[in-house]
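# Structural overview
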Amino acid sequence: MRLGRIEVTPGFLLLAAWLNYGDDQNILLPALASCTLHELGHLWALNLLGAPVERIRITAAGAEMRVGEGLSYRGELFAALMGPCVNLLLAAALCRVPGGAMLAGMNLVLGCFNLLPVGGLDGGRVLRCLASLALGWRWGERLHLWFSVCSCLVVCGVSLRLAGRGGNLTLTVVAVWLFFSMLRDCEKRLVNRQRNR
């Protein structure tokens, strides 16, 4: 489904319907609101930088923004940090509101999760930008890949360890998602590098 520059994939709609069906605690709408505010943080930063957002694609794995050319490492660093910053500020504000503990926790988890140094997550982009600024783009790409693989292995290891004790399905799904996110990000980078040659 496409609305101008925004595309919503069938996978997202199916996931939202499935989560809504099993949402006994009524957290789906607050979770979607937290995710939306996270993405608005990115959009605000990109708008402030004057970077044109060509397309926003909402998938079961999250939102993807295609930005026009000309965004520097510092600009990408700023834009990547704004999403998690919004969630962390919301967590700090909501923990002081009576009855806001669940929303504060949700925003805290979302902000911290996005700061993991993996693939296309905000933390991976931050790491790549910082390493590229300090050591050059080749080392930035290498460190980005190395940290992505190590982070995925740690999450997979914790997931397997917990599986032996009765398991944690959510963590297993997150570990698999992180691994495929990392592979997809590597594939995109290889395709972009071949195009730019």
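Structure shown above.
## Remarks on the packing of aromatic side chains
Applying the stated rule across the entire model yields 2 aromatic pairs. Ring geometry for Trp44 and Phe78: centres 6.1 Å apart, planes at 55 degrees, overall tilted. Residue Trp44 is located in helix α2 (residues 28-49), and its partner Phe78 is located in helix α3 (residues 73-94); the two are separated by 34 residues in the primary sequence. Seen in terms of ring centroids, Trp146 and Phe147 are 5.2 Å apart; in terms of plane orientation they differ by 85 degrees. Their pairing is edge-to-face. Residue classification places Trp146 among the exposed residues on the basis of a relative accessible area of 51%. In this structure, Arg142 is placed above the aromatic ring of Trp139, and the distance from its NZ or CZ to the ring centre is 5.2 Å.

## Thoughts on the pairing of strand β3 (residues 53-59)
Where strand β2 (residues 6-8) meets β3, 3 bridges bridge the pair, whose relative direction is parallel. Across the sheet, Glu7 pairs through a bridge with Arg57, a residue of β3. Of the strand pairs in this sheet, β3 and strand β4 (residues 62-67) are connected by 6 bridges, and their pairing is antiparallel. Pairing of Val53 across the sheet is with Val67, part of β4. Here β3 folds back onto β4, and the loop between the two strands holds 2 residues.

Analysis parameters
Residues numbered from 1 in each chain as written. Predicted model: local features only at pLDDT ≥ 70, side-chain atom pairs only at ≥ 80, totals over all residues. Heavy atoms only, no water. Phe/Tyr/Trp six-rings, centres within 6.5 Å; stacked < 30°, edge-to-face > 60°. Helix = DSSP H or I, 4+ residues; strand = E, 2+ residues; numbered from the N terminus. Buried < 20%, exposed > 50% of the residue type's maximum accessible area, 1.4 Å probe, protein only. Lys NZ or Arg CZ within 6 Å of the ring centre and 35° of its normal. Pairing = 2+ DSSP bridges.

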